[in-house]
Amino acid sequence: MSRDAELLALLEAERERQVDFLQRFARIDTANPPGDTRQAADLFRAFLDKEGIAHRTEAPKADNPNIIAGFEGGKGPGRHLVLNGHLDVFPVGDRAAWQRDPRSGDIADGRLHGRGTVDMKCGTTALLFAFACLHRLREELSGRVTLTVVSDEETGGKWGTAWLLENCASEVTGECVLNSEPSGLATVRFGEKCMLWLRFTIAVKGGHSAYPHTGGSANKVAAALIQDLLAIEKMVPDEPGTVRTTLDRPEVRAAAELSLGAGAAEVMRRVSVNVGTIQGGVKINMLPPQCVLEVDFRLPVGISRAAVLARVAEIAARHPGTRFEELLPGGPEANVSDPTHEMMGHLLRRAGALAGALLASPPQPIVSLGGTDTRFWRAKGVPAFVYGCSPAGMGGVDESVSLAEFHHVMKVHALAAWDYLTSARS
Ligand SMILES: [Zn+2]
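Residues numbered from 1 in each chain as written. Predicted model: local features only at pLDDT ≥ 70, side-chain atom pairs only at ≥ 80, totals over all residues. Heavy atoms only, no water.

### Overview of the sheet that holds strand β9 (residues 194–203)
1) Next: Read from one edge of the open sheet, 4 strands run β11-β13-β9-β14, paired in antiparallel fashion. At either margin of the open sheet sits one strand with a lone partner, and together these are β11 (272–280) and β14 (322–326). Between one strand axis and the next, the sheet turns by 20° as a mean value, whatever way the strands run.
2) Next: Two elements, β9 and β14, share 5 bridges in a ladder whose sense is antiparallel. Its bridge partner being in β14, Thr201 is matched across the sheet by Arg323.
3) Next: On the sheet, helix α7 (residues 218–230) packs against β9, β11, β13 (290–299) and β14 and is oriented at approximately 10° with respect to β13.
4) Next: Helix α11 (residues 305–317) contacts β9, β13 and β14 of the sheet and is inclined by roughly 15° relative to β9. (Pairing = 2+ DSSP bridges. Helix = DSSP H or I, 4+ residues; strand = E, 2+ residues; numbered from the N terminus. Axes fitted to C-alpha atoms, helices over the stretch in contact; angles between N-to-C directions. Contact = heavy atoms within 4.5 Å.)

Encoded structure:
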């Protein structure tokens with residue numbers, strides 16, 4: 001048996017243990033807010049202890065522990081691969097709307113139920129088992145593998161991944177990162193769009209609506225402002241060459257649409273503008289003196305926050321009484337890793353070969369519409385890639401994950417890591 005087949009056999013032999021772990025994880029409340037992940041961290045630490053893998057905990061906030069586990073390969077120095085998943089999940093929301101207890105961990109029709117099973121208890125568990133199997137075969141590997149299991153992802157990562165990269169950089173930065181956030185089996189994500197939130201306040205004189213000539217209407221200004229802001233969607237991104245040629249490929253566009261819905265291939269590469277709230281006016285027969293808009297801009301790779309802010313400033317200046325402020329100042333830019341990086345090749349090849357009936361055509365590299373902790377590594381120039389289960393049902397009522405996808409994602413990460421740590425040393 002080849003050594004990578006041995007790795008697969010090890011994972012296959014533990015299916016029951018894997019499902020049992022995921023079930024127990026699903027039954028622990030890690031909803032964020034409040035984001036208390038201590039009990040879940042205990043579950044992970046007990047597993048690592050049993051496997052004899054060294055680990056330690058960094059908890060800048062006592063109820064937000066982060067686990068760092070790692071080992072050296074037996075074949076001497078080489079590359080440093082980092083695996084990253086999070087413990088915290090979305091809140092349950094309207095409990096009455098759920099058919100089952102949101103922490104049931106029930107298994108029915110090949111799916112395991114519970115809040116956070118998709119995002120990302122499935123993925124974090126998959127990485128844990130992939131990591132443990134690599135550890136058992138560590139004599140065959142060169143370099144180093146580090147597993148980071150973090151808290152605080154759902155509320156920005158300040159006490160989780162961002163904190164680790166800031167305070168434990170030599171341990172967790174690595175040279176390449178694998179993450180298993182839900183992506184859908186048809187795509188491997190090598191970048192993500194940026195989120196820019198702005199609040200516009202329009203203040204004018206107002207007055208009585210029978211006398212429109214005596215004072216302006218903030219709502220009327222808002223209507224014109226919105227039309228101008230929507231034109232920002234037409235900005236053309238300056239994508240790096242490899243990103244452009246990758247995303248231009250018809251099979252990549254098709255995979256993006258399959259994974260994210262019709263229209264996604266276009267949205268992935270342009271600014272989207274959502275006027276999320278409009279609040280203006282007091283009474284039907286009064287000229288509104290104030291209108292407040294909150295607008296969510298999502299920027300693609302190749303358009304900077306500064307470029308959009310400059311366009312917005314230009315537009316705002318044309319509309320009387322309009323000012324704006326940034327709601328999340330200093331947020332990350334759209335970020336990207338090289339889609340032709342060696343790791344992308346490993347992930348695509350292994351995912352395609354292992355998918356069987358789960359996938360009709362080979363997976364393709366795309367840019368994510370939402371954000372993950374991989375952005376913190378990309379900001380440091382470390383290539384980072386995301387491959388996980390289908391995002392369908394993520395954060396919704398009756399969230400559940402396919403166990404077939406759970407096992408598939410685990411194997412793909414284990415084998416891609418294997419390929420990376422057994423190929424030519426850097
Ligand atoms: Zn997530």
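### Things to note about the coordination of the zinc ion
Around a metal, the idealised angle for a tetrahedral arrangement of four donor atoms is 109.5 degrees; for an octahedral arrangement of six donor atoms it is 90 or 180 degrees.
1) Next: Ligation of the zinc ion by protein atoms is provided by His86 (NE2), Asp119 (OD), Glu181 (OE) and Glu181 (OE), these donors lying 1.9 to 2.5 Å from the ion.
2) Next: One way to put it: the 4 donor atoms around the zinc ion meet at angles of 56 to 145°, and that makes the site irregular.
3) Next: Between the donor residues of the zinc ion, the gaps in sequence give the motif H-x32-D-x61-E. Placement of His86 in strand β3 (residues 80–86) and of Asp119 in helix α4 (residues 117–136) is noted, with a sequence separation of 33 residues between them.
4) Next: The exposure class assigned to Asp119 is buried, which follows from its relative accessible area of 6%. (Donors = N, O, S within 2.8 Å, 3.2 Å for Na, K, Ca; no water. Tetrahedral: all angles 85-135°; square planar, octahedral: opposite > 155°, others 65-115°. Buried < 20%, exposed > 50% of the residue type's maximum accessible area, 1.4 Å probe, protein only.)

### Remarks on the side chain of Glu405
1) Next: Secondary-structure assignment places Glu405 in helix α14 (residues 403–422).
2) Next: Put simply, Glu405 is tucked away with no salt bridge, and the nearest opposite charge, on Arg111, sits 6.0 Å away.
3) Next: Side-chain polar atoms of Glu405 contact the backbone nitrogen of Ser390, separated by 2.7 Å.
4) Next: Contact partners of Glu405, with chain neighbours within four places excluded, come to Leu185, Leu358, Cys389 and Ser390. (Lys, Arg positive; Asp, Glu negative; His and termini not counted. Salt bridge = Lys/Arg side-chain N within 4 Å of Asp/Glu carboxyl O. Polar contact = N/O pair within 3.5 Å; in protein donor to acceptor, adjacent residues only side chain to side chain.)

### Considering the pattern of salt bridges
1) Next: Scanning all chains against the criterion turns up 32 salt bridges.
2) Next: Among the charged side chains, a network of salt bridges with common partners joins Asp4, Arg349, Arg350 and Asp419.

### Some points on the packing of aromatic side chains
1) Next: Counted under the stated rule, the structure contains 8 aromatic pairs.
2) Next: Here the aromatic cluster, defined as three or more aromatic residues joined through ring pairs, consists of Phe21, Phe25, Phe44, Phe47 and Phe129. (Phe/Tyr/Trp six-rings, centres within 6.5 Å; stacked < 30°, edge-to-face > 60°.)

### So, the nonpolar core
Looking at soluble globular proteins, one finds that nonpolar side chains tend to be buried together.
1) Next: In terms of nonpolar packing, the biggest core is built from 100 residues, with Ile232 and Phe297 touching the most fellow members.
2) Next: Per-element tally for this core: the top contributor is α14, with 12 residues.
3) Next: The residues touching Phe297, leaving out its near neighbours within four places in the chain, are Cys194, Met195, Leu196, Leu198, Phe200, Leu229, Ile232, Val271, Ser272, Val273, Val308 and Val312.
4) Next: Core analysis: the next-biggest nonpolar cluster, separate from the first, contains 12 residues, Leu164, Leu165, Cys168 and Val172 among them. (Core = buried A, V, L, I, M, F, W, Y, C linked by side-chain atoms within 4.5 Å.)

### Here we look at a nonpolar patch on the surface
1) Next: On the surface, Met195, Trp197 and Leu328 cluster together to form a nonpolar patch covering roughly 230 Å² of accessible area.
2) Next: On the secondary structure map, Trp197 appears in strand β9. (Patch = residues over 30% accessible without salt bridge, like charges linked within 9 Å, V, L, I, M, F, W, Y side chains within 5 Å. Areas by Shrake-Rupley, 256 points an atom, 1.4 Å probe, with all protein chains shown as cover.)

### Overview of the domain arrangement of the protein
1) Next: As far as domains go, the protein holds domain 1 (3–192 + 334–422) and domain 2 (194–235 + 270–326).
2) Next: Using C-alpha coordinates to define each centre, domain 1 is positioned 40 Å away from domain 2.
3) Next: Contacts between the two partners involve 6 residues from domain 1, matched on the other side by 5 residues from domain 2.
4) Next: For the pair domain 1 and domain 2, the two sides together bury roughly 340 Å², of which 69% comes from carbon and sulfur.
5) Next: Our count for the contact surface shared by domain 1 and domain 2 stands at 0 residue pairs in polar contact (both at pLDDT 80 or more). (Domains from an automatic or database assignment. Buried area = accessible area lost by both parts, 1.4 Å probe.)

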